[in-house]
Amino acid sequence: MTINIKNLSLLLIAGTLLFQVFSQAGCSPKKDHVAELLEKLDLMKDFNQDGSYNGKEGNHAMENYQLARKELKEMGTNSFPFLIKELNSFTYDLDSFIYDPNREKNREAWEKKCAKYRQLTTAFSILGTNLTSMLLPEFESCLYTNKNYGCALSGISTLGEPATRYLLDILSTNNSSDIRSVAACELSNLGVTLNIRDKIVVDPKLGEAITEKLIPYLKSPNAFVRVRVASGIAIYCQDAKSAIQPMLECLKDEKNEEVLVEIIKWTSYIQDYFKEYDPQIDAVVKEISERQYESEAKARWIKKLCTDLLERKAESPRKKPESHSNNGETIK
């Protein structure tokens, strides 16, 4: 068969032009496929308000999640170019941790931003410590440019134990108060994750340093930050006296009922872990239980938590939670 060189040249030119058109239109199969995987990693949209899955749709979503998780892990570093592009495509900062229901016109944009955040941070978690460490330059770039540092700090926390000191350093040296606030949240989240999942506790000196840095954030104007930091203080503190006083001050000043519930829980956690009972708790907790609350359901729940906390002082000795067992490994 004779090949017409002129026709072949025309075909090559046409093929090149078509490739450029489809590339510019964003039709890269690899890009679209990774985007599809990321969407399947976001299970939040399939949850009901009570935290359960939405029937058959929820079960189907979970199946898709497991398949997407497996495929992304197998892709490994091949997924990095697209993940980096996504990381730099939007901003997720401290303001993103707040949703104002009065700003309905911004609701859709806010929800899309949160969905992207969940997808990326889930992907970082799936890729694991070895792979996400290769993304550190990108994470550091986000901190340096003050853009999308929420995702970056979450990615850093995925590094596991090494991220503890890394986040503490950011918390101690970064010039942005907003970045430090989110670093405090991620450091707290990391402590809870390591403590519960791996039964890991921190070295006393490191724990004291972290607790000291976290305590000021109990006064943050951001409710999300206050809740997360309370959990970190409860996990990292090395003695009840260093943490109870600031926790009590936070309880006295707290106006947000949902935050109040969480702070009481973490104050109880401290008292369960450390056997001594601080008598200051009585007056503060009784005052809180006698307040008037807008939500009757929240009021009942707060009163129950307060009653349980006050009754704990009669329990001696207290049983330490399993997650604080001395059998666990220590971060040094």
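What counts, and where the lines are drawn
- Residues numbered from 1 in each chain as written.
- Predicted model: local features only at pLDDT ≥ 70, side-chain atom pairs only at ≥ 80, totals over all residues.
- Heavy atoms only, no water.
- Helix = DSSP H or I, 4+ residues; strand = E, 2+ residues; numbered from the N terminus.
- Buried < 20%, exposed > 50% of the residue type's maximum accessible area, 1.4 Å probe, protein only.
- Contact = heavy atoms within 4.5 Å.
- Areas by Shrake-Rupley, 256 points an atom, 1.4 Å probe, with all protein chains shown as cover.
- pLDDT = per-residue confidence, 0-100.
- Salt bridge = Lys/Arg side-chain N within 4 Å of Asp/Glu carboxyl O.
- Phe/Tyr/Trp six-rings, centres within 6.5 Å; stacked < 30°, edge-to-face > 60°.
- Lys NZ or Arg CZ within 6 Å of the ring centre and 35° of its normal.
- Core = buried A, V, L, I, M, F, W, Y, C linked by side-chain atoms within 4.5 Å.
- Polar contact = N/O pair within 3.5 Å; in protein donor to acceptor, adjacent residues only side chain to side chain.
- Arc of directions from axis to C-beta.

Draft legend 1. Fine view of the overall build of the protein. The secondary structure content of the protein amounts to 15 helices and 2 strands. Within the protein, buried positions represent 45% of all 332 residues. Sequence-distant contacts in the protein: of pairs separated by 6 or more residues, those separated by 24 or more amount to 74%. When the accessible area of the protein is evaluated, it comes to approximately 18,600 Å², of which 53% is carbon and sulfur surface.

Draft legend 2. Representation of the confidence of the model for the protein within the structure. Of all residues in the protein, 77% have pLDDT values of 70 or greater, and the mean over the chain is 80. Helix α1 (residues 5-24) is the least confidently modelled element of the protein, averaging 38 in pLDDT, while helix α7 (residues 149-157) averages 95, the highest of any element. Per-residue pLDDT stays below 50 along residues 1-29; that stretch engages in 5 contacts with residues further than four places along the chain or on separate chains. Considering only residues more than four positions removed or in separate chains, one finds that residues 316-327, a stretch of pLDDT under 50, has 25 contacts.

Draft legend 3. Here's a closer look at the pattern of salt bridges. Taken as a whole and judged by the stated rule, the model has 10 salt bridges. A salt bridge links Lys304 to Asp308, with the nearest nitrogen and oxygen atoms 2.9 Å apart. Of the two residues, Lys304 and Asp308 are both situated in helix α15 (residues 296-311); the distance of 4 residues between them amounts to about one turn of the helix. Exposure remark for Lys304: the relative accessible area of 44% places this residue in the partly exposed category. By relative accessible area, which is 26% here, Asp308 ends up partly exposed.

Draft legend 4. Quick look at the packing of aromatic side chains. Taken as a whole, this structure holds 6 aromatic pairs when the rule is applied. Three or more aromatic residues joined by ring pairs make a cluster, and in this case those are Tyr92, Phe97, Tyr117 and Phe224. If you follow Arg228 out to its NZ or CZ, it ends over the ring of Phe224, 5.8 Å from the centre.

Draft legend 5. Region of interest: the nonpolar core. Of all hydrophobic cores here, the largest spans 95 residues; its most connected members are Leu153, Ile156, Leu214, Ile270 and Ile288. The contacts of Ile288, once residues within four sequence positions are left out, are Leu251, Leu260, Ile264, Tyr293, Ile302 and Cys306.

Draft legend 6. Geometry of the side chain of Thr211. Residue placement: Thr211 occurs in helix α10 (residues 204-214). There is a polar contact of 2.7 Å between the side chain of Thr211 and the backbone oxygen of Gly207.

Draft legend 7. View of α10. Turning to α10, its buried residues are Leu206, Gly207, Ile210, Thr211 and Leu214. Along α10, the residues classed as buried sweep out an arc of 130° about the axis, all on the same side. Among the exposed residues of α10, those pointing more than 90 degrees away from its buried face are Lys205 and Glu212. Sitting at the head of α10, Asp203 places a side-chain oxygen 3.2 Å from the backbone nitrogen of Lys205.

Draft legend 8. Summary view of the environment of Ile84. Note that Ile84 resides in helix α4 (residues 80-87). Remark: the alpha-carbon pair of Ile84 and Glu138, spanning 54 residues in sequence, is separated by 7.1 Å. Once you skip the residues sitting within four places of it in the chain, Ile84 turns out to touch Leu135 and Glu138.

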